Amino acid sequence: MRDDVTENTVTEQIEIFRNDLVETRERLAESDAMRRAATQRTNLALEFDNLYNQINDPLRPGCGTECRNHMDEIERILNHSPTNLAIPPLGSEPRVVDDWYYRYRAAAEEILTKSLLETDEAAVKKLIREVESALLEYDTATRVINSKGGLGALTSMSDLSLDIEREANALLPEDDTVTHRDIDPTLGRLGEIVYAFQNGFADMPNPMATAVSIVLASVIDFLPFLLSFALFGKGRLERKVKTGTPRGPGGRVIT
């Protein structure tokens, strides 16, 4: 019964946890920062493909007017000039043309990579990797129970879900934030209570153990009250006050 309670509770919370993380991963992947970076990479790759075909024209190998137009577009995409390498003129040897092309392209791609590190794309990709790692770590109830102590894992799941939600909303637009449902860590303790009642009063595999537990629990619950009455009951802390007129030997009044 205890294993069933634990597995059912963990299964329900993992489903909530994973659904929220999957949705957050999708929103991050579709964010403006990721779209802009993907567009830059695609446009740059397209221009380099066109440039390669242009400079390897069998009839006019080398870099002419059309080649330089592609280079201008590449610099526009990068907002930077990749290199000052000597440009092979028309009629250059194919080997020279290819060598220039690959060095030029490597320089341009390095510039793009460095420039994207200064945008939100790098932070978004890092958070997506953290989400994917969490999805692998908390994949099934069986795995969580065996590797993370069962119901005790609910606390770490709750903290992780809140952290990812906060980081994602810091990167997403204000009108496109995510909201993760609560992972209640107290369910672990509730599950133990349910199990205890079921085991002790319904299944009752050991009636004597149940009876002893009730007696001990009663003693523990009422012992503080008994001690309080014993120590601080009526008359224990009251000062004795003498009434009447004090008299000395022979009945004389003492003043």
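In the block above lies the structure referred to throughout.
Values in this document were obtained by computation on a predicted structure and should not be read as measured data.

(A) Broad picture of the environment of Ile55. Among the structural elements, Ile55 can be located in helix α2 (residues 32-55). Overall, Ile55 belongs to the buried group, its relative accessible area being 1%. It is 9.5 Å that separates the C-alpha atoms of Ile55 and Ser92, two residues lying 37 residues apart in sequence. With residues up to four places along the chain from it excluded, the contact list for Ile55 reads Pro61, Gly62, Cys63, Cys67, Val97, Trp100 and Tyr101.

(B) Structural detail: the packing of aromatic side chains. The tally for this structure, following the rule as stated, stands at 7 aromatic pairs. A centroid spacing of 5.3 Å and a plane angle of 65° characterise the contact between Phe17 and Tyr138, whose relative ring orientation is edge-to-face. On the criterion of sequence distance, the pair formed by Phe17 in helix α1 (residues 2-29) and Tyr138 in the loop between α5 (120-137) and α6 (141-148) is long-range, its members being 121 residues apart. Chaining the aromatic ring pairs together yields one cluster made of Phe48, Tyr52, Trp100, Tyr101, Tyr102 and Tyr104.

(C) Representation of the packing of α2 against helix α3 (residues 65-78). At a closest axis distance of 9 Å, the pairing of α2 and α3 adopts a crossing angle of 165°. Compared by their axis directions, α2 and α3 come out roughly antiparallel. Our pair here, α2 against α3, has a crossing hand that is left-handed. For the pair α2 and α3, the contacting residues are Gln40, Asn43, Leu44, Glu47, Phe48, Asn50, Leu51, Gln54 and Ile55 in the first and Glu66, Cys67, His70, Met71, Glu73, Ile74, Ile77 and Leu78 in the second. By residue class, the composition of the contact of α2 with α3 is 9 nonpolar, 5 polar and 3 charged.

(D) A look at the pattern of salt bridges. All told, the structure shown has 12 salt bridges when counted by the stated rule. Here Arg27 and Asp176 are joined by a salt bridge, their closest N and O atoms 3.0 Å apart. Of this pair, Arg27 sits in helix α1 while Asp176 sits in the loop between α7 (153-171) and α8 (187-203), placing them 149 residues apart in sequence. Each of Glu23, Arg27 and Asp176 takes part in salt bridges that share partners, so that together they form one network.

(E) Seen up close, the packing of α2 against α5. Contact geometry for α2 and α5: axes closest at 8 Å, N-to-C directions at 110°. The pairing of α2 with α5 is recorded here as roughly perpendicular in orientation. Between α2 and α5 lies a crossing whose hand is left-handed. On α5, the residues that touch Ala33, Met34, Ala37 and Arg41 of α2 are Asp120, Glu121, Val124, Lys125 and Ile128. Counted by class, the contact of α2 with α5 contains 5 nonpolar, no polar and 4 charged residues.

(F) How the structure looks around the side chain of Ser158. Position of Ser158 relative to the elements: it lies in helix α7. Not counting residues within four places of it along the chain, the set of residues in contact with Ser158 comprises Ile183 and Pro185.

Analysis parameters
Residues numbered from 1 in each chain as written. Predicted model: local features only at pLDDT ≥ 70, side-chain atom pairs only at ≥ 80, totals over all residues. Heavy atoms only, no water. Helix = DSSP H or I, 4+ residues; strand = E, 2+ residues; numbered from the N terminus. Buried < 20%, exposed > 50% of the residue type's maximum accessible area, 1.4 Å probe, protein only. Contact = heavy atoms within 4.5 Å. Phe/Tyr/Trp six-rings, centres within 6.5 Å; stacked < 30°, edge-to-face > 60°. Axes fitted to C-alpha atoms, helices over the stretch in contact; angles between N-to-C directions. Parallel < 35°, antiparallel > 145°, perpendicular 65-115°, else oblique. Left-handed = near helix turned anticlockwise from the far one by under 90°. Nonpolar A, V, L, I, M, F, W, Y, C, P; charged D, E, K, R; others polar. Salt bridge = Lys/Arg side-chain N within 4 Å of Asp/Glu carboxyl O.

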